[in-house]
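# Working through the structure, step by step
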Amino acid sequence: MMLLEVLIQGEKSLLYPLNRSRLVIGSSKACDIRVQLPEISRKHIVLIVEDEKILVVDQGSSNGSYIGEEMITPNVNVEFSTFFQIRLGYQVFLALRTEEETVGKELSPLKDMSEKTSSLIRRSLSQIKIEVEDLTKTVSDKLKKRELMDYQTQSRKLELDFIAEKKKVQVTPKKKAETKNVPIYVAGAVLLLVLGYFYQTAEQAIPESIPEPTPVAASPVRSTQKVTTPDAVPSPGPALLAAPEPEEEIKLVEKSKLPSKDSVRTLLYASKCSKAVEKHVCEIIKESGANNWGVSAVENRLTILIDGANYTEVARKLLPKPSTPEEGASFEHDLRLIATALAIQQKIYAPMDDEMLKGYDITIALFETEGEKTDLFSVAVMPYAGFKAFKAGLDSDKIENIYKYRAKGFKYTEKFLRLY
């Protein structure tokens, strides 16, 4: 009998017997083998055990299943053998082992089928209860609607009967009072008299000479009332178009030293906020390393992993939507720039220890989560001196003004960071 070895990076491998014709692996409680990691879908992959071969079928998982670096096509049978491993997501590996290879090793039990069946029964009963409640509510609503229609019909009938009775009553119209026409010449004479009176009064009120106004000393007190113009766009001032110049020349991080996106993704599952420099930055941004977010320091690179959902959402609202392919490329760049600026300004609000951070390259990694899938949105890499200059520029600006210049007010940041 073949055995299945499940290996998660950094943890002890587990062995499972392949004594069923079908095994489901995923993060759901209903799976035969449950792997509780964000990168694993609820039903990630299925193993089909036949007489002489074992097949695997990816169930359309979010982060995919791989043989080497080649992705397995979803919903297609692929033969599994002892000659290779299958990777689920980023750090979960499956391998076939013979009984001779695993002598003395402890086997992990599969999920009890009776427990799985009882779970399905509970779900079915719960669904039936919900359907009965919905049906009861629907019937009740229809009865109330019928009663309302009967009431409206009865009211309309009474209203028509009242109108019919009212028409039977004969009402004698009152004779209008006759009005005498006022001769036109009398009205004209009265109008001339009134105009003559107002003209004489106004002529007497005008003085022969107008005195010069007495100069009034300017008050040193300035009004504190703020005058605002709706939808007014302020002209870009020095603070909005340029950051305070740093004392030393800042050089961009060499392209050969930039981390790949895959290496940044793997940091989601690495240890964070444990080293001294990691703890220092985690205290500033109020992250404990929980929920995959926090700070990871590897050699001279310090990576800050941030849940960027709120910042990317605000950035999309601030920027106007592109209408041409050329504007689309600029839009994606500006979107990453504004989201990074928002994250740095609102998340990193306290100064860092220069002596501790000197010599580090700072990486700001923003992630977006959609359903069960968490993916990298943007990476910004800058030397620590460039990070300080970037932060100083943001502190001197108003973040609300960014969209009024299509991020042009923050283009100076590109001489401090590399954004991708």
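Going by the structure above, here's the rest.
Okay, so let's go over this structure. These numbers were taken from a predicted model, which means no experiment stands behind them.

## Regarding the packing of helix H6 (residues 309–318) against helix H7 (residues 325–347)
Viewed as axis vectors pointing N to C, H6 and H7 meet at an angle of 130 degrees, and their least axial separation amounts to 8 Å. The angle between H6 and H7 falls in the class oblique. The handedness of the crossing between H6 and H7 is right-handed. Here Tyr311, Thr312, Val314, Ala315, Arg316 and Leu318 of H6 come into contact with H7, specifically with Leu335, Ile338, Ala339, Leu342, Ala343, Gln346 and Lys347.

## Thoughts on the sheet that holds strand E1 (residues 3–8)
The strand order across the open sheet formed by six strands is E2-E1-E11-E10-E7-E8, and the pairing between neighbours is antiparallel. In this open sheet, the two strands that pair with only one neighbour each are strand E2 (14–17) and strand E8 (70–71). Relative to E8, strand E7 (residues 65–67) is paired through two bridges, and the arrangement is antiparallel. If you follow Ile67 over to E8, its bridge partner there is Glu70.

## Some remarks on the pairing of strand E12 (residues 294–298)
Summarising burial for E12: four of the five residues are buried, a large majority. As defined by bridge partners, E12 adjoins strand E13 (residues 301–307) across five bridges and the pair is classed as antiparallel. Opposite Ser296, over in E13, you have Thr303 as the bridge partner. Connecting E12 to the antiparallel partner E13 that follows it, the hairpin turn spans two residues, and Glu299 within it adopts a positive phi of roughly 55 degrees.

## Details of the nonpolar core
Leu302, Ile304, Met352, Ile362, Ile364, Met382 and Phe387 are the most contacted members of the largest nonpolar core, which totals 43 residues. Among the elements of the structure, helix H5 (276–285), E12, E13, H6, H7, strand E14 (361–370), strand E15 (373–383) and helix H9 (384–396) are those that each provide at least two residues to this core. No other element matches the nine residues that H7 contributes to this core. Met352 has contacts with His280, Val281, Ile284, Ile304, Leu357, Tyr384 and Phe387, leaving out every residue within four places of it along the chain.

What counts and what doesn't
- Residues numbered from 1 in each chain as written.
- Predicted model: local features only at pLDDT ≥ 70, side-chain atom pairs only at ≥ 80, totals over all residues.
- Heavy atoms only, no water.
- Axes fitted to C-alpha atoms, helices over the stretch in contact; angles between N-to-C directions.
- Helix = DSSP H or I, 4+ residues; strand = E, 2+ residues; numbered from the N terminus.
- Parallel < 35°, antiparallel > 145°, perpendicular 65-115°, else oblique.
- Left-handed = near helix turned anticlockwise from the far one by under 90°.
- Contact = heavy atoms within 4.5 Å.
- Pairing = 2+ DSSP bridges.
- Buried < 20%, exposed > 50% of the residue type's maximum accessible area, 1.4 Å probe, protein only.
- Core = buried A, V, L, I, M, F, W, Y, C linked by side-chain atoms within 4.5 Å.

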